[in-house]
Amino acid sequence: MTMITRSILLAGTALFAATGAFAQDLNIQTSFNAGDFSTEYLTEEWLPELEERSDGRITITLTPNGSVVPARETPEAVAAGVIDGDFTSVNYFSGLEPAYAIMGDLISGYETPQQMLDFCREGGGEAMMQKAADEVTGGEVHVVACGPYSREALVANVPIRTYDDLAGKKIRSPEGLAASVFQAAGASPISIPFSEVFGALEKGIVDAADASAYVNNDATGLHDVAPYPLYPGIHSMPSMQFTVSERIWEDMSAEDQELLRTWWYDAMYAMAEEVGKQDQELAERDDASEEIEVIDWSDEDRMKLRETARTQWEEFAKKSDLAQEALDAHLAYLTEIGLLEAE
């Protein structure tokens with residue numbers, strides 16, 4: 001190594017040490033599958049945006065669901081340094097700490113992804129997610145941001161036009177909070193693997209199914225056998241978390257920490273808008289056809305389901321002190337924005 005080269009390297013090291021601006025190439029595992037809209041959208045639109053905003057100091061490689069570890073094990077993998085961070089649906093972690101079920105999908109709680117993103121960003125959601133992460137990783141994982149990007153639509157092969165129409169309906173639902181809410185509303189939840197949803201609807205084994213966003217249900221042909229979709233959805237809005245290891249977070253400058261957080265929220269708000277746009281266009285197309293009736297519940301029926309769901313949120317929150325704290329934070333924010341009446 002020449003004296004000139006050594007001098008350049010030393011000068012660069014001194015600059016990085018002074019500013020905290022070490023380059024970070026982060027390996028982030030997601031709970032998205034390869035080829036998903038979300039994976040492609042982020043890779044094409046927002047990963048280059050991060051590199052540009054940070055002048056190349058921060059880059060991210062997104063890897064698909066299960067590429068390194070099963071999704072439910074990503075908190076421990078981040079803590080151990082196996083991956084640099086995760087971008088995962090929080091529902092995967094409900095077995096680790098009940099608060100994750102409350103934070104991961106407050107069934108029938110929020111009307112739009114933007115409302116819950118606001119809760120995470122400004123209403124205490126991030127802090128609650130950090131407490132859950134600290135509980136299961138001992139402070140080794142930093143929650144950068146959290147929130148959902150889509151609201152799921154309920155597909156049905158019979159009309160479910162009101163809250164009262166749920167009574168007696170057989171609904172495919174994951175176990176846990178979602179199943180409890182449907183049952184409390186008078187429906188009969190049935191646990192069926194996602195791969196069997198189409199056949200179960202086609203054969204009448206179930207009357208409706210908690211599946212995915214409207215655009216995804218359309219792509220998989222579910223409306224061919226369930227021509228009475230409820231849109232906008234009445235139930236599920238899975239939340240994501242974006243984390244990095246505490247070591248990596250501490251190596252970043254305060255400016256880059258805020259840049260990374262702001263970038264993630266900008267990306268999620270944009271993706272929520274894009275998914276919502278596609279959902280709306282497809283729903284309008286289908287509702288104009290003779291084959292599909294798109295059902296939009298009244299505000300009154302939505303409130304009935306939300307109040308029923310609240311009883312189940314409160315039961316589930318009894319499972320841990322942190323789950324109760326998470327629910328209290330949600331309730332305060334839902335009341336603040338007018339989705340629940342003040343008591």
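Structure: above.
Residues numbered from 1 in each chain as written. Predicted model: local features only at pLDDT ≥ 70, side-chain atom pairs only at ≥ 80, totals over all residues. Heavy atoms only, no water.

> Summarise helix α14 (residues 321-336); cite the residues concerned and give the values.
For α14, spanning 16 residues, the distance from its first C-alpha to its last is 23 Å, which sits close to the expected 22 Å at 1.5 Å a residue. Those residues of α14 lying buried are Leu322, Ala323, Ala326, Leu327, Ala329, His330, Leu331, Tyr333 and Leu334. Tucked into the core, α14 has its buried residues touching α4 (99-104), α5 (113-122), α6 (125-137) and α13 (299-317). Of the residues flanking the end of α14, it is Gly338, one or two places downstream, whose phi is positive at about 85°. (Helix = DSSP H or I, 4+ residues; strand = E, 2+ residues; numbered from the N terminus. Expected span 1.5 Å × (residues − 1). Buried < 20%, exposed > 50% of the residue type's maximum accessible area, 1.4 Å probe, protein only. Contact = heavy atoms within 4.5 Å.)

> Can you explain the pattern of salt bridges? Please cite residues and give values.
Throughout the structure, instances matching the rule amount to 16 salt bridges. Close ionic contact of Glu111 with Arg151 constitutes a salt bridge, the shortest N to O distance being 3.3 Å. Here Glu111, found in the loop between α4 and α5, pairs with Arg151, found in the loop between β4 (141-147) and β5 (154-156); they are 40 residues apart in sequence, far enough to count as distant. Linking Arg306 and Glu111 is a salt bridge whose minimum nitrogen-to-oxygen distance equals 2.7 Å. Separated by 195 residues along the polypeptide, Arg306 in helix α13 and Glu111 in the loop between α4 and α5 bring together distant segments of the chain. A relative accessible area of 22% means that Glu111 is categorised as partly exposed. The network of salt bridges with shared partners includes Glu111, Arg151, Asp296, Arg302 and Arg306. (Salt bridge = Lys/Arg side-chain N within 4 Å of Asp/Glu carboxyl O.)

> Describe in detail the state of the cysteines, supporting the description with residues and values.
Applying the stated criterion across every chain yields a total of 1 disulfide. A disulfide bridge connects Cys120 with Cys146, and the sulfur atoms are separated by 2.3 Å. Between Cys120 and Cys146, the S-S dihedral sits near -115°, and the bridge is therefore left-handed. Taken together, the residues span a long stretch of sequence, with Cys120 in helix α5 and Cys146 in strand β4 at a distance of 26 residues. Per residue, the accessibility class of Cys120 equals that of Cys146, and both read buried. (Disulfide = S-S within 2.5 Å.)

> Lay out the sheet that holds strand β6 (residues 170-172) in plain terms, naming residues and giving numbers.
Sheet strands line up and pair through hydrogen bonds in the backbone, either parallel or antiparallel. Read from one edge of the open sheet, 4 strands run β5-β8-β6-β7, paired in mixed fashion. At either end of the open sheet lies a strand with only one pairing partner, and these are β5 and β7 (188-190). Mean inter-strand twist for the sheet, computed between neighbouring axes without regard to direction, equals 30°. Judged from the 3 bridges that link them, β5 and strand β8 (residues 208-210) form a sheet pairing that is antiparallel. Opposite Ala156, over in β8, you have Ala208 as the bridge partner. (Pairing = 2+ DSSP bridges. Axes fitted to C-alpha atoms, helices over the stretch in contact; angles between N-to-C directions.)

> Residue-level account of the pairing of strand β3 (residues 85-89), with values.
Most of β3 is tucked away: 5 of the 5 residues are buried. Alternating positions in β3 separate into two faces, Gly85, Phe87 and Ser89 on one and Asp86 and Thr88 on the other, with burial throughout. Both strand β1 (residues 24-30) and β3 contribute to a ladder of 3 bridges, which runs parallel. Opposite Gln29, over in β3, you have Asp86 as the bridge partner. By the bridge criterion, 5 bridges tie β3 to strand β9 (residues 240-245) in an arrangement that is antiparallel. Counterpart to Thr88 in the pairing with β9 is Gln241.

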